[in-house]
Amino acid sequence: MIKSIKLILVVLLVVITSCTYIQKGADGKDGVAGLSSKEIAHSKIVTASFFIDSTTVRKHLYTLAADDMEGRKSGTPGIEKAAKYIESEFERIGLATFENLNSYRQTFTFTPRRSKDEITSANIIGVLEGKSKKDEYVIISAHYDHLGNEGKGEDKIYNGANDDASGVTGVLALAEYFKKVGNERTIVFAAFTAEEMGLIGSTHFGKGIDANKFVAGINLEMIGKTPSFGPNTAWLTGFERSDFGKIVQKNLEGSGYQLFPDPYKKYNLFFRSDNASLARLGVPSHTFSTTAIDVDKDYHKVSDEAETLNMTIITQTIQAVAKGTKSIIDGVDTPTRVVIKE
């Protein structure tokens, strides 16, 4: 009888331990590992379902948005530091290079609008080859450039934490996640340069691909704040232009996370991020965001720093993207080709 009771106690202890995901947060209080209790409080639902490493999310975000990246303007030493960091992470994760490139860099030279000076910069691209459908590609992207260090006042650095270090953080976290769980379709992970200069990096990438091989584009832009729809939500640009968004909504049913159509139609956001470069080629390429941009006081300001963002929101959004696009990555669902009417 005593042995039976001991056995039951041991089993209960194992179950309790395996189900306990609440750890000490960044401020020493109870919370998800690497997150402060204040960040946890911003979320409606805190469960034991985190499968994206929040500590790594924080590391990526704070590294890319640090002052020593000097605002990551294309053609500057600052963006070169960011490029090296992304390359090192791709290598650590174990990504392959893209098609005929001999490194993760797709380097090119361009002359931006409003300037006569040529700039040399690079898209950083890594690949996870698919298992059963390796000739069908899904691209997961974000831009890693921002506005540089020419601000006015005491703080001159446009750190670009939300815009778009948060998106690049998502790309890196999803690369690590899919490397672990596998993928039936080939996934191309791209950190684009010169988005702020007019989608130049993604446009260059689009010129060199067979767009028919790309079945979907998952672009991440400004995913670090609570959207107007409330916690555990995101919005998608160009929702009505393909059935990509409906597929994601179906996959998120029962998850506690919801995806909504872009509520800011007057801003024409579908054509203002890197998804547009592939969408113009017919790829169902859309952008996920969580930021209420109509009231965001930090957009394109030097105040867009890592401390203004919510690590729980970023982590949950990355998870929602992983779950919401799973059937596309697995080759179960194929979105309709995008409809372009600018």
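Since this is a predicted model, take the numbers as computed values, not measurements.

K.L.:
Explanation requested: the overall build of the protein in the structure shown.
P.N.:
Counting secondary structure elements, the protein contains 10 helices and 10 strands. For the protein, buried positions account for 56% of its 342 residues.

K.L.:
Help me understand helix α4 (residues 77-93) in this model?
P.N.:
The periodicity of an α-helix, 3.6 residues per turn, causes residues three or four places apart in sequence to face the same way. Look at α4: 25 Å from first C-alpha to last across 17 residues, which is about the 24 Å you get at 1.5 Å a residue. Turning to α4, its buried residues are Gly-78, Ile-79, Ala-82, Ala-83, Tyr-85, Ile-86, Glu-87, Glu-89, Phe-90 and Ile-93. Of the surrounding secondary structure, the elements contacted by the buried residues of α4 are α3 (54-64), β3 (105-110), β4 (119-128), α5 (161-181) and β6 (185-192). Note on α4: the residue one or two positions beyond its end, Gly-94, has a positive phi of about 100°.

K.L.:
Would you take a moment to explain the pattern of salt bridges for this structure?
P.N.:
Close approach of charged atoms allows side chains with opposite charge to pair. Applying the stated rule across the entire model yields 14 salt bridges. When the shortest N-O distance is used, the salt bridge between Glu-80 and Lys-84 registers 4.0 Å. With Glu-80 and Lys-84 both in helix α4 and 4 residues apart, this pair spans about one turn of that helix. Judged by its relative accessible area of 30%, Glu-80 falls in the partly exposed class. Overall, Lys-84 belongs to the exposed group, its relative accessible area being 51%. Glu-80 serves as the salt-bridge partner of Arg-105, at 2.9 Å between the closest nitrogen and oxygen. In this pair, Arg-105 is assigned in strand β3 and Glu-80 in helix α4, connecting sequence segments 25 residues apart. Each of Lys-59, Glu-89, Arg-92 and Glu-176 takes part in salt bridges that share partners, so that together they form one network.

K.L.:
Help me understand the pairing of strand β10 (residues 285-289), please; the structure alone is not making it clear to me.
P.N.:
One face of the sheet, then the other: side chains in a regular strand alternate in exactly this way. Of all 5 residues in β10, 5 are buried, a share of seventy percent or more. Side-chain alternation along β10 places Ser-285, Thr-287 and Ser-289 on one buried face and His-286 and Phe-288 on a second face that is also buried. As judged from the 4 bridges shared by strand β7 (residues 214-220) and β10, these two strands associate in the parallel manner. For Ile-218, the partnering residue across the bridge sits in β10 and is His-286. Summarising the sheet, strand β8 (residues 233-236) and β10 pair through 2 bridges and their orientation is antiparallel. Bridge pairing in β10 links Leu-236 to Phe-288.

K.L.:
Mind showing me how you'd approach the pairing of β8 here?
P.N.:
Covered by surrounding structure in β8 are Thr-233 and Trp-235 together with Ala-234 and Leu-236, the residues of both alternating faces. This β-α-β element, β8 to helix α7 (residues 244-252) to strand β9 (residues 258-261), shows right-handed connectivity.

K.L.:
What should I look at first to understand the packing of α5 against helix α9 (residues 311-324) in this one?
P.N.:
For any two helices packed against each other, one specifies the inter-axial angle together with the distance between the axes. It is at 10 Å that the axes of α5 and α9 come closest, and there the two elements cross at 50°. Relative to α9, the element α5 lies oblique. Here α5 and α9 pass one another in a crossing that is right-handed. Contacts from Ser-166, Thr-169, Gly-170, Ala-173, Leu-174, Tyr-177 and Phe-178 of α5 reach α9 at Ile-314, Ile-318, Val-321 and Ala-322. Within the contact of α5 with α9, the residues separate by chemical class into 8 nonpolar, 3 polar and no charged.

K.L.:
Teacher, can you tell me more about unusual backbone geometry here?
P.N.:
Trans is the prevailing form of peptide bonds, just as negative phi is the prevailing case for residues other than glycine. Residue Asp-163 is joined to Asp-164 through a cis peptide bond whose omega torsion reads 0°. Unlike most non-glycine residues, Arg-72 shows phi in positive territory, near 55°. With respect to the helices and strands, the residue Arg-72 is situated in the loop between α3 and α4.

K.L.:
Just to check I follow, could you spell out the packing of aromatic side chains for this structure?
P.N.:
Aromatic ring pairs: the centre-centre distance and the angle between the two ring planes describe each pair. Taken as a whole and assessed by the stated rule, the structure comprises 13 aromatic pairs. Taking 5.0 Å as the distance between ring centres and 70° as the angle between the ring planes, the aromatic pair formed by Tyr-177 and Phe-178 counts as edge-to-face. A relative accessible area of 4% means that Phe-178 is categorised as buried. Between Phe-192 and Phe-205, the aromatic rings sit 5.6 Å apart at their centres with planes inclined by 55°, giving tilted as the arrangement. Taken as a pair, Phe-192 in strand β6 and Phe-205 in helix α6 (residues 200-207) lie far apart in primary sequence, 13 residues in all. Side by side, Phe-192 and Phe-205 carry an identical accessibility label, which is buried. Three or more aromatic residues link up through ring pairs in this structure, and these residues are Phe-98, Tyr-137, Phe-192, Phe-205 and Phe-214.

What counts as what
- Residues numbered from 1 in each chain as written.
- Predicted model: local features only at pLDDT ≥ 70, side-chain atom pairs only at ≥ 80, totals over all residues.
- Heavy atoms only, no water.
- Helix = DSSP H or I, 4+ residues; strand = E, 2+ residues; numbered from the N terminus.
- Buried < 20%, exposed > 50% of the residue type's maximum accessible area, 1.4 Å probe, protein only.
- Expected span 1.5 Å × (residues − 1).
- Contact = heavy atoms within 4.5 Å.
- Salt bridge = Lys/Arg side-chain N within 4 Å of Asp/Glu carboxyl O.
- Pairing = 2+ DSSP bridges.
- Right-handed = clockwise from strand over helix to strand, strands pointing away.
- Axes fitted to C-alpha atoms, helices over the stretch in contact; angles between N-to-C directions.
- Parallel < 35°, antiparallel > 145°, perpendicular 65-115°, else oblique.
- Left-handed = near helix turned anticlockwise from the far one by under 90°.
- Nonpolar A, V, L, I, M, F, W, Y, C, P; charged D, E, K, R; others polar.
- Phe/Tyr/Trp six-rings, centres within 6.5 Å; stacked < 30°, edge-to-face > 60°.

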